[in-house]
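# Fold and geometry: a report
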Amino acid sequence: MARLDPARDLLLLIDIQNDFCPGGALAVADGDAVVPLANRLSDRFSHVALTQDWHPAGHASFASSHPGAEPFSTIPASHGPQTLWPDHCVQGTVGAAFHAGLNIDRAEIITRKGCRPTLDSYSAFFENDGATPTGLAGYVRDRGLGHVVMAGLATDFCVAWSALDARRLGLDVSVMLPACRAIDQDGSLAAAIADMTDAGIALLDDIA
Ligand code: VGL
Ligand code: ZN
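What counts and what doesn't
- Residues numbered from 1 in each chain as written.
- Chains lettered and ligands numbered in written order.
- Predicted model: local features only at pLDDT ≥ 70, side-chain atom pairs only at ≥ 80, totals over all residues.
- Heavy atoms only, no water.
- Pairing = 2+ DSSP bridges.
- Helix = DSSP H or I, 4+ residues; strand = E, 2+ residues; numbered from the N terminus.
- Axes fitted to C-alpha atoms, helices over the stretch in contact; angles between N-to-C directions.
- Donors = N, O, S within 2.8 Å, 3.2 Å for Na, K, Ca; no water.
- Tetrahedral: all angles 85-135°; square planar, octahedral: opposite > 155°, others 65-115°.
- Buried < 20%, exposed > 50% of the residue type's maximum accessible area, 1.4 Å probe, protein only.
- Near = heavy atom within 4 Å.
- Polar contact = N/O pair within 3.5 Å; in protein donor to acceptor, adjacent residues only side chain to side chain.
- Areas by Shrake-Rupley, 256 points an atom, 1.4 Å probe, with all protein chains shown as cover.
- Nonpolar A, V, L, I, M, F, W, Y, C, P; charged D, E, K, R; others polar.
- Lys, Arg positive; Asp, Glu negative; His and termini not counted.
- Salt bridge = Lys/Arg side-chain N within 4 Å of Asp/Glu carboxyl O.
- Contact = heavy atoms within 4.5 Å.
- Phe/Tyr/Trp six-rings, centres within 6.5 Å; stacked < 30°, edge-to-face > 60°.
- Lys NZ or Arg CZ within 6 Å of the ring centre and 35° of its normal.

Turning next to the sheet that holds strand E7 (residues 172–181). Backbone-to-backbone hydrogen bonds join strands into a sheet, with any given pair of strands oriented parallel or antiparallel. Taken together, the six strands give an open sheet; going across it, the order is E5-E2-E1-E6-E7-E8, and neighbouring strands pair in parallel fashion. Strand pairing shows two members of the sheet lacking a second neighbour, strand E5 (107–113) and strand E8 (202–204), which therefore form its edges. Neighbour-to-neighbour, the strand axes of this sheet turn through a mean angle of 25°, independent of strand direction. Pairing geometry for strand E1 (residues 10–14) and strand E6 (residues 147–153), over five bridges, is parallel. Note on E6: the bridge partner recorded for leucine 13 is alanine 151.

See the structure below:
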């Protein structure tokens, strides 16, 4: 496993947006606690990238788009089961904005995802069909980055899916767990931790 090298590694901060913080539409418990840690990491890394969940109104992942469906229920989609969420991170809304305390000034690139009306995207690299690229893999490859260090929201969805895709792309991946918070729905956090461990992702307990 690659050692952390903040001069060469990419820090990828996932979805640190108002809707995933307390008071937001899809609030993650204690989600805003990651902000100071993310800022400390940003100060240290030479390369910083951000993702922003960025859905059009009426997105297919919203329960409100499926008459009679409850948030947090699951429906079949062509690429597998899709969890239905409360409306969140609608393009241009306050909920979709980065947390006001997050230092975004050092970001080299901001990848917006989940922009296609009928396709969700947890991962920073591929939408939920596992095939449609967001473009971030091209950035990582073209910039010659080999190790991605991740933090953000939510551990068990967008962080885990991004980390697993990064491994599939052949990258070394570390996840800074203290700078992540989970939705933890029906054991989803334990499952995500197990999947990341099995994939050879380094789960780090302090941001050293
Ligand atoms: C996320 C559910 C729906 C996340 C985004 O950022 O983890 N989760 N959209
Ligand atoms: Zn979303």
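Let us look at the coordination of the zinc ion (ligand 2). At this site the zinc ion (ligand 2) is bound by Asp53 (OD), His55 (NE2) and His88 (NE2), with donor distances of 2.0 to 2.2 Å. Its four donor atoms give the zinc ion (ligand 2) angles of 89 to 169° at the centre, a pattern that matches the irregular case. Counting along the primary sequence, the residues that act as donors to the zinc ion (ligand 2) give the motif D-x1-H-x32-H. One end of the pair, aspartate 53, is in strand E2 (residues 47–53); the other, histidine 88, is in the loop between strand E4 (80–83) and E5, and 35 residues separate them in sequence. Residue classification places histidine 88 among the buried residues on the basis of a relative accessible area of 3%.

On to unusual backbone geometry, then. The residue after leucine 153, namely alanine 154, is reached through a cis peptide bond having omega -15°. With respect to the helices and strands, alanine 154 occurs in the loop between E6 and helix H3 (155–168). A positive phi is found at aspartate 186, a non-glycine position, where the angle reads about 50°. Relative to the elements of secondary structure, aspartate 186 occurs in the loop between E7 and helix H4 (188–198).

A separate point is the site of ligand 1. With respect to spatial proximity, the complete set of residues near ligand 1 consists of Asp15, Phe20, Leu26, Asp53, Trp85, His88, Tyr122, Leu153, Ala154, Phe157, Cys158 and Ile183. A distance of 3.1 Å separates a nitrogen atom of ligand 1 from a polar atom in the side chain of histidine 88. In the complex, 100% of the free accessible area of ligand 1, which totals 260 Å², lies under the protein chains. Among the residues forming the shell around ligand 1, the class breakdown is nine nonpolar, one polar and two charged.

With that settled, the discussion passes to the side chain of aspartate 156. In this fold, aspartate 156 is placed in helix H3. In this structure aspartate 156 is buried but unpaired, with arginine 181 as the nearest side chain of opposite charge at 11 Å. Polar contacts involving the side chain of aspartate 156 include one to the main-chain amide nitrogen of isoleucine 183, which spans 2.9 Å. Of the polar contacts made by the side chain of aspartate 156, one reaches the backbone nitrogen of aspartate 184; its length is 2.5 Å. Once you skip the residues sitting within four places of it in the chain, aspartate 156 turns out to touch Trp161, Ala182, Ile183, Asp184, Gln185, Ser188, Leu189 and Ala192.

Attention now moves to the pairing of E4. Bridge analysis of strand E3 (residues 74–77) against E4 gives four bridges, and the strand direction is antiparallel. Bridging across to E4, threonine 74 finds its partner in threonine 83. Between E3 and E4, which pair antiparallel and follow one another directly, the connecting turn spans two residues.

This brings us to the packing of aromatic side chains. Counted according to the given criterion, the structure contains five aromatic pairs. For the ring pair tryptophan 85 and phenylalanine 157, a centre distance of 5.0 Å and an interplane angle of 90° mean the geometry is edge-to-face. With tryptophan 85 in the loop between E4 and E5 and phenylalanine 157 in helix H3, this residue pair connects regions lying 72 residues apart in the sequence. Note on tryptophan 85: relative accessible area 2%, which makes it buried. Measuring from ring centre to ring centre gives 5.4 Å for tyrosine 122 and phenylalanine 157, while their planes differ by 75°; the resulting arrangement is edge-to-face. With tyrosine 122 in the loop between E5 and helix H2 (136–142) and phenylalanine 157 in helix H3, the pair connects residues that are 35 residues apart, well separated along the chain. Judged by its relative accessible area of 10%, phenylalanine 157 falls in the buried class. Its end group placed over the ring of tryptophan 54, arginine 112 keeps NZ or CZ at 3.6 Å from the ring centre.

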